[in-house]
Every structure is written in C-alpha cells, then in structure tokens.
Amino acid sequence: MTLKLAIAGAAGRMGRELARIVHGTEGCTLAGGLEAKGSPAVGADYGELIGVGKLGIAISDSPAQVIAAADGIVDFTVPAATLSLLSHTAGQKKIHVIGTTGIDAAGDAAIREAAASTCIIKTGNFSLGVNLLSALVKRAAAALGTEFDIEVLEMHHRNKIDAPSGTALLLGKSAADGREINLKDRSVRVRDGHTGARNTGDIGFATLRGGSVVGDHTVIFAGNGERLELRHVAESRELFARGAVKAALWAKGQKPGLYSMMDVLGLN
C-alpha cells in the first residue's frame, strides 16, 4: 500500500527537496504541503512549485486538513512549528518525521509525550553516512578513553539559525554515550578570554558559519602525539531528504513510540 506523505515547510529549500524525493520514490506519494498563514506559496500547485508539472495538490495553511489527507508528515521547520503540529499528528495517529533542530528540553518532553500516541522519528541528521559516523564515534570514544580529548567541529551556511548544529549535538551525545557520561554535564560550547586549561573528559564544540556550506562535521580525538579525525561532508540536501523518506517508509506499521535514524538503520 502506498504511503501518503505531506511536507511541512513546503515552499522552503528543504521542503521542496523533500517533495521532489517523495514524488520520485516508489512506495510513497505526495499528499500535501503545509505552509504558514500568510505565505505567498499558499494556494500554489505543489507540483508546479517543485518543477514536476501540475499535480492538483494545493499548498495549504491548515495543519488539520493537510495531516488528515496523509499517512504522515515530514517536518524540517522550526521548533515552534514542529511543536504546534504534535497535537495534530498525535491526535490523528499519523507518522511524524522530525528533522527540526534547536528544540529545547521542554520541546523534547512534549515530543516524548506525543510519541505515546503515534510513531515519531526524530534525529539531528537523516544522512545514512552521519548515522554510521555516530556509531563509529561512540565506539572510538569508548575505546580511546579520557587520555584523548574530544572536540566536535561543524560548519554550515550563513543562514543557519541554531548552533551547535543538531548533527554536532548528535555526535557529541554519541561520544558521551561511549564514555558513559552525561553530555549536558561535560559539554563546552564557548571559549573566550582566559579560560584556563582544558578539563579532562570535557567534550568541546566549535561552530563555523559562512557561504553555502550544506554541512561539514568533524569529530577530533586528540591524544599525546597523535590525533584521530572522523569526518562527514554533506554535498547536497538531497541526502537528508532521501534519509527522511526512508525513515517514513520504515515507520509505516511501527508501534507508537519515539524512534531515531539509528533504529531505521538497525544500528541501535
């Protein structure tokens, strides 16, 4: 049975990429597009917007209407928009694939609560390569021990609004899990001025922004006299879209719960 998917943030760069991938993927079909009230894209034919010809699917500003017409929604928007969709996806028991980053602890708690009613897949990155990197980082952190300092370096385009990136935090958590520590307790996000020596066991983050960089992440394990660097470079948003659609197809028939891309790929 074909999986009917809607796209939140339908007219954005990621929304259009997702729509093109859904339209071209066997086993799923584009069921709708959701935009904010007042968006100039509302009412436009989604097929014409993404360059595949008229599909007879008008972009809507009604979450209830869009979600009712679909089996699930793929959501790479902003925290407030994602959280506002939860009542609709949980209430209608529809799949909710979340690629939104920058969600705070209260938002994460709301997502966990909604996952009691429906299948939600949330991750900092839907790339297959990044999720494999995450698994490798966890193993390396466990094997190398605290004599190796861990730093997570990330760079994105100038328009990205949250830092560190969701992917950087995903990789930092993998490193912390490998060492069986709480990332929140050992995370260093800012260094400025006279900081003193680095504390053993901390996990540092450095953020770069500029140009049109899609995503560049490096996890550095720095020891005495040697350094190991594990890196992933994203060259196109298409890889995130393909991963998200793969996750949505995997979610079909799954029990309610909060899942990650690691579950989709069988890496947990």
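Here, the structure is the one placed above.
Everything numeric here is computed off the predicted structure, so don't read it as measured data.

So, about helix α1 (residues 13–24). The periodicity of an α-helix, 3.6 residues per turn, causes residues three or four positions apart to be oriented the same way. Between its first and last C-alpha atoms α1 spans 17 Å; for 12 residues at 1.5 Å apiece the expected length is 16 Å, and the two agree. Along α1, the residues classified as buried are M14, G15, E17, L18, A19, I21 and V22. Residues of α1 that are buried make contact with β1 (3–8), β2 (28–34), α2 (46–49), β3 (72–75) and α9 (238–251).

Nonpolar side chains tend to gather and get buried jointly when the protein is soluble and globular. Counting residues in hydrophobic clusters, the biggest one holds 35 residues, and the most contacted among them are I7, L18, L30, Y46, V74, I121 and F126. Examining the composition of this core, we find that seven residues originate from one element, α9, more than from any other. Dropping the residues within four chain positions of it, L30 is found in contact with L5, I7, A19, V22, Y46, I50, L55 and I57. Grouped together as the second largest cluster of nonpolar side chains are 17 residues, A140, F148, A168 and F205 included.

Topologically, P63 is positioned in helix α3 (residues 63–68). Taking the C-alpha atoms as reference, P63 lies 13 Å from L5; in sequence the two are 58 residues apart. Excluding anything up to four places from it in sequence, P63 contacts L34, L85 and H88.

Tallied over the entire structure, the rule returns 13 salt bridges. The salt bridge partner of E151 is R198, with a shortest N-O separation of 2.7 Å. With E151 in strand β6 (residues 149–156) and R198 in the loop between β7 (187–188) and β8 (203–209), this pair connects stretches of sequence that are 47 residues apart. Look at E151 and you get buried, because its relative accessible area is 18%. For R198, a relative accessible area of 30% corresponds to the partly exposed category. A salt bridge links E238 to R242; its shortest N-O distance comes to 2.7 Å. Residue E238 and its partner R242 are both found in helix α9; the two are separated by four residues, about one turn of the helix. Note on R242: relative accessible area 46%, which makes it partly exposed. Each of the salt bridges in this network shares a partner with another, and the network as a whole consists of D149, E151, R191 and R198.

We now examine unusual backbone geometry. In this chain, A163 is followed by P164 through a cis amide linkage whose omega measures -10°. If you check the backbone angles, K93 has positive phi at about 55° while not being a glycine. Relative to the assigned elements, K93 resides in the loop between α4 (79–91) and β4 (95–98). Classification of K93 by relative accessible area gives exposed; the value is 57%. A positive phi angle is found at E180, which is not glycine, with a value near 60°. Inspection of the secondary structure puts E180 in the loop between α7 (166–179) and α8 (183–186). Classification of E180 as exposed rests on a relative accessible area of 75%.

Parameters and conventions
- Residues numbered from 1 in each chain as written.
- Predicted model: local features only at pLDDT ≥ 70, side-chain atom pairs only at ≥ 80, totals over all residues.
- Heavy atoms only, no water.
- Helix = DSSP H or I, 4+ residues; strand = E, 2+ residues; numbered from the N terminus.
- Expected span 1.5 Å × (residues − 1).
- Buried < 20%, exposed > 50% of the residue type's maximum accessible area, 1.4 Å probe, protein only.
- Contact = heavy atoms within 4.5 Å.
- Core = buried A, V, L, I, M, F, W, Y, C linked by side-chain atoms within 4.5 Å.
- Salt bridge = Lys/Arg side-chain N within 4 Å of Asp/Glu carboxyl O.

So far we have only geometry, and geometry alone does not tell us how the molecule works.
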